[in-house]
Amino acid sequence: LRTTPLRAWEFLTAQILSRLLISLGVAAAVLVLAVGLLDVVMRGSALALALLYLCAAACFSALGLLVATRLRSEELTDGLLNLFSWPMLLLSGVWFSMEGTSEPAQWLSELLPLTHLVDASRRVMVDGAGTLEVLPEAGLLLALAAVLLGAAAWLFRWE
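A. The confidence of the model for the protein, seen in detail. Within the protein, residue pLDDT values average 90, and 96% of them lie at 70 or more. Looking at the elements of the protein, mean pLDDT is at its lowest for helix 1 (residues 8–38), recorded as 88, and at its highest for helix 5 (residues 113–125), recorded as 96.

B. Geometry of the side chain of Glu 137. Note on placement: Glu 137 falls in helix 6 (residues 131–155). Beyond its immediate sequence surroundings of up to four residues, Glu 137 is in contact with Leu 52, His 116, Ala 120 and Arg 123.

C. Representation of the packing of aromatic side chains. Enumeration according to the criterion identifies two aromatic pairs in this entry. With a centroid separation of 5.7 Å and an interplanar angle of 40°, the aromatic rings of Phe 11 and Phe 156 are classed as tilted. Highlighted residues: Phe 11 in helix 1 and Phe 156 in the segment after helix 6, separated in sequence by 145 residues.

D. Molecular detail of a nonpolar patch on the surface. Among the surface-exposed residues, Leu 33, Val 35, Leu 37, Leu 38 and Val 40 lie close enough to one another that they form a single nonpolar patch of about 480 Å² accessible area. Relative to the helices and strands, Leu 37 resides in helix 1. For Leu 37, a relative accessible area of 66% corresponds to the exposed category.

E. View of helix 2 (residues 46–70). Taking 1.5 Å as the rise per residue, helix 2 with 25 residues should run 36 Å; its terminal C-alpha atoms sit 37 Å apart, in good agreement. Near the N-terminus of helix 2, the side chain that reaches the backbone nitrogen of Leu 47, with its oxygen 3.1 Å away, is that of Ser 45.

F. Representation of the environment of Leu 117 in the model. Mapped onto the secondary structure, Leu 117 falls in helix 5. Distance in space between the C-alpha atoms of Leu 117 and Ser 18 is 21 Å, their sequence separation being 99 residues. Every residue in contact with Leu 117, bar those within four places of it in the chain, is listed here: Leu 52, Tyr 53, Ala 56, Phe 60 and Leu 141.

G. Representation of the packing of helix 2 against helix 5. Remark: helix 2 packs on helix 5, axes separated minimally by 10 Å, with the N-to-C direction vectors making an angle of 170°. Accordingly, the angle class assigned to the pair helix 2 and helix 5 is roughly antiparallel. The residues of helix 5 that touch helix 2, namely those facing Ala 48, Leu 49, Leu 52, Tyr 53, Ala 56, Cys 59 and Phe 60, are Pro 113, Leu 114, Leu 117, Ala 120, Ser 121, Val 124 and Met 125. Residue composition of the contact of helix 2 with helix 5, by class: 13 nonpolar, one polar and no charged.

H. Molecular detail of the pattern of salt bridges. Under the counting rule described, the total for this entry stands at two salt bridges. With a closest N to O distance of 3.1 Å, Glu 10 and Arg 7 form a salt bridge. Judged by relative accessible area, which is 22%, Glu 10 ranks as partly exposed. Overall, Arg 7 belongs to the exposed group, its relative accessible area being 52%.

I. View of the nonpolar core. Residues Leu 12, Ile 16, Leu 52, Val 124 and Val 134 are the most contacted members of the largest nonpolar core, which totals 38 residues. Broken down by secondary-structure element, the contributors of at least two residues to this core are helix 1, helix 2, helix 3 (74–91), helix 5 and helix 6. Looking at this core element by element, the count peaks at 12 residues for helix 2. Those residues within four positions of Val 134 in sequence are excluded, and the remaining contacts are Ala 48, Leu 52, Ala 120, Arg 123, Val 124 and Ala 129.

Conventions we followed
- Residues numbered from 1 in each chain as written.
- Predicted model: local features only at pLDDT ≥ 70, side-chain atom pairs only at ≥ 80, totals over all residues.
- Heavy atoms only, no water.
- pLDDT = per-residue confidence, 0-100.
- Helix = DSSP H or I, 4+ residues; strand = E, 2+ residues; numbered from the N terminus.
- Contact = heavy atoms within 4.5 Å.
- Phe/Tyr/Trp six-rings, centres within 6.5 Å; stacked < 30°, edge-to-face > 60°.
- Patch = residues over 30% accessible without salt bridge, like charges linked within 9 Å, V, L, I, M, F, W, Y side chains within 5 Å.
- Areas by Shrake-Rupley, 256 points an atom, 1.4 Å probe, with all protein chains shown as cover.
- Salt bridge = Lys/Arg side-chain N within 4 Å of Asp/Glu carboxyl O.
- Buried < 20%, exposed > 50% of the residue type's maximum accessible area, 1.4 Å probe, protein only.
- Expected span 1.5 Å × (residues − 1).
- Polar contact = N/O pair within 3.5 Å; in protein donor to acceptor, adjacent residues only side chain to side chain.
- Axes fitted to C-alpha atoms, helices over the stretch in contact; angles between N-to-C directions.
- Parallel < 35°, antiparallel > 145°, perpendicular 65-115°, else oblique.
- Nonpolar A, V, L, I, M, F, W, Y, C, P; charged D, E, K, R; others polar.
- Core = buried A, V, L, I, M, F, W, Y, C linked by side-chain atoms within 4.5 Å.

Rendered as structure tokens:
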């Protein structure tokens, strides 16, 4: 890897782009199966949902690369990513609504990228939101992906 002519940010961007293709394909397959087999109704724009998932996949891939850039052990990397993802799942509204929770929990929830993905995805699928209505969340996820990718490139070492 040290002999590659790529700079760190180019290498990491290529890693993210390859994962985006896989993530979008898997998300599309899940949606097609859910609609076809489970009669899930999506009231909003499929383009809006694809945009959200693309931005979220970039964000979460960049987070994974940021963690992985400095660690040498796959086990430690997996553990740290679980340390980030489980609280995010708990506080994002994936499993239950945050409405009845404490003020600090709701505030913390708003800082998590998964919260914005879940809220915007629900607006698309349940409320019929289109692409323009979810652009703020998509932009936020994309901006966070850029920040995380920049931090990963800055911390990246070829060894």
